[in-house]
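# Notes for the structure review
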Amino acid sequence: MKTNVLFFRILLCLTIFFWQKIAFAQKNYVNGYIVTTQNDTIRGFINDKNWEKSPKEILFKKTLQDNEPVEYTPVSIHSFYLQPSNEYYISYIGKIDATPIKADKMIEVTEISQFLQKDFTIVDTAFLTVIIRGAASLYSYKDKQEKIHYFLQKDQKLPEELGYQKFLLDQDNGSKQIQVLQKYKGQLNVALKDCEKATKAIKLAEYTKNSLTKIVNQYNTCFSTSNTQFVQKTEKTKTEIGIIAGGVQTLYIQSYPSYYKNGTTYLHYNKSYDPTVGISFNFVLPRNHKSWSAYTEILWRSYSITADYSTSNAFDRHLKVGYLKGSAMVRYTMATRTIKPFLNAGISYSFITNAEGNIISNNDKDADSFEKSILGLQGGGGVQWKRWGCELRYEHTKGVFQGLYTSGSENSIYLILRYTLN
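Computed from a prediction, not measured in an experiment: that's the story for all the values here. (Residues numbered from 1 in each chain as written. Predicted model: local features only at pLDDT ≥ 70, side-chain atom pairs only at ≥ 80, totals over all residues. Heavy atoms only, no water.)

## Thoughts on helix H3 (residues 183-191)
- Every buried residue of H3 is listed here: Tyr 184, Lys 185, Gln 187 and Leu 188. Viewed along the axis of H3, the buried residues span an arc of 165°, placing them on a single side of the element.
- Elements in contact with the buried residues of H3: strand E10 (148-154), strand E11 (160-161), helix H4 (196-202) and helix H5 (209-221). (Buried < 20%, exposed > 50% of the residue type's maximum accessible area, 1.4 Å probe, protein only. Helix = DSSP H or I, 4+ residues; strand = E, 2+ residues; numbered from the N terminus. Arc of directions from axis to C-beta. Contact = heavy atoms within 4.5 Å.)

Here is the structure:
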């Protein structure tokens, strides 16, 4: 049995490894266009990677039949647009704040003046994501350190980064305190001063997409709704609810010390084949082609098994168990395909609703003791087609009986059918 468990684990690791290679190599060319530095629009197809971090370059084909794509950077084009997702990017060459905002990487100073006297900007190139384009335009940029920068543009001037910095200031007692410089509020007050409705909201503005979007929208509508030319579509986490039905093969093993029960070490119960039903919730995350999701489910299942303990003091063993099982897994789906393969792995937590049986003889000092809940590890894969899904999954948990002289383990293989309701 140990060999089988090891085989499943190795197979799962290899599958994940090769899956990553395939996923990394896949292309997804969609309708769009680029605008050259001479302001010419060229329509074609762009490799849409649904970037989590802002891209440094893009691949473009005039037709899908072109053998080799052309690579463009912020230096070589003015902007590009992705039609299916309604995403617009502009090129930027200029200063970008390089101060880290993660606590373990923040700059540490003994006086605030030490921080203010330094220039932490670098000159870089970037594709900025257009959030709003109008009389006042708002852009965002997520760098390789996962820091989000926001830029404001007005009166056809170059975009200006809205300043937001954090640093650590040493205290007299030896501790360190996080300091925040909210330069963006002063910048917004100056840039949007001709709209009282917008400036009133700046005082409480946060350095977030929603908060800044609201202020820039207020400014653009302060004069005329026609001043807003483009608004980025907001992506949200999607919740998919499904119903589940399937079958489970269970192999239960009870182990004993080598000196116990006439030298018997492992007792294998007969395999059990039983139905399972439940409900699932798949929380699909935005970006990355909606490939990543947090998958949860609640299943009900049971099994009834027996074993012949063939020793001089033999007696037939039986075990009957029912439980409610919750699962939490990370799922990766090749979401750009019609038939969508997926892999998932995570944990399970089972609440025992009923358990009965005899695991040890009545002559033993150790009385039968069943667990109230058990934790397990699981992983599997399958395919999704429209609303229908099919999955093969392996799960390993400890057994429901854990005694002084004995312990159990449970290995299950699931074949699951799923129908998504929404």
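Let us keep going from here.
## Observations concerning the side chain of Asn 220
- Examined against the element boundaries, Asn 220 turns out to sit in helix H5.
- Owing to a relative accessible area of 0%, Asn 220 belongs among the buried residues under this scheme.
- Polar side-chain contacts of Asn 220 include one of 3.4 Å to the backbone nitrogen of Ala 135. (Polar contact = N/O pair within 3.5 Å; in protein donor to acceptor, adjacent residues only side chain to side chain.)

## Description of a nonpolar patch on the surface
- Residues Val 277, Ile 279, Ile 298, Trp 300, Leu 324, Ile 347, Tyr 349, Phe 351, Leu 375 and Leu 377 make up a contiguous nonpolar surface patch of about 920 Å² in total accessible area.
- Listing elements by their share of the nonpolar patch, those giving two or more residues are strand E17 (272-284), strand E18 (292-308), strand E20 (339-358) and strand E21 (373-385).
- Take the nonpolar patch: its biggest share by element is 3 residues, from E20.
- Topologically, Ile 347 is positioned in strand E20. (Patch = residues over 30% accessible without salt bridge, like charges linked within 9 Å, V, L, I, M, F, W, Y side chains within 5 Å. Areas by Shrake-Rupley, 256 points an atom, 1.4 Å probe, with all protein chains shown as cover. Salt bridge = Lys/Arg side-chain N within 4 Å of Asp/Glu carboxyl O.)

## Focus on the sheet that holds strand E12 (residues 165-170)
- Across the sheet, 3 strands lie side by side as E7-E12-E13; this open sheet has mixed pairing. The strands lining the two open edges of the sheet, one partner per strand, are strand E7 (108-109) and strand E13 (176-181).
- Pairing of E7 with E12, which is carried by 2 bridges, proceeds in the parallel orientation. Counted as the bridge partner of Glu 108 is Leu 168 from E12. (Pairing = 2+ DSSP bridges.)

## Regarding the environment of Gly 246
- Secondary-structure assignment places Gly 246 in strand E15 (residues 238-255).
- Sequence separation between Gly 246 and Leu 417 is 171 residues, and the spatial gap between their C-alpha atoms is 5.7 Å.
- Beyond its immediate stretch of four places on either side in the chain, Gly 246 contacts Asp 274, Pro 275, Thr 276, Leu 415 and Ile 416.

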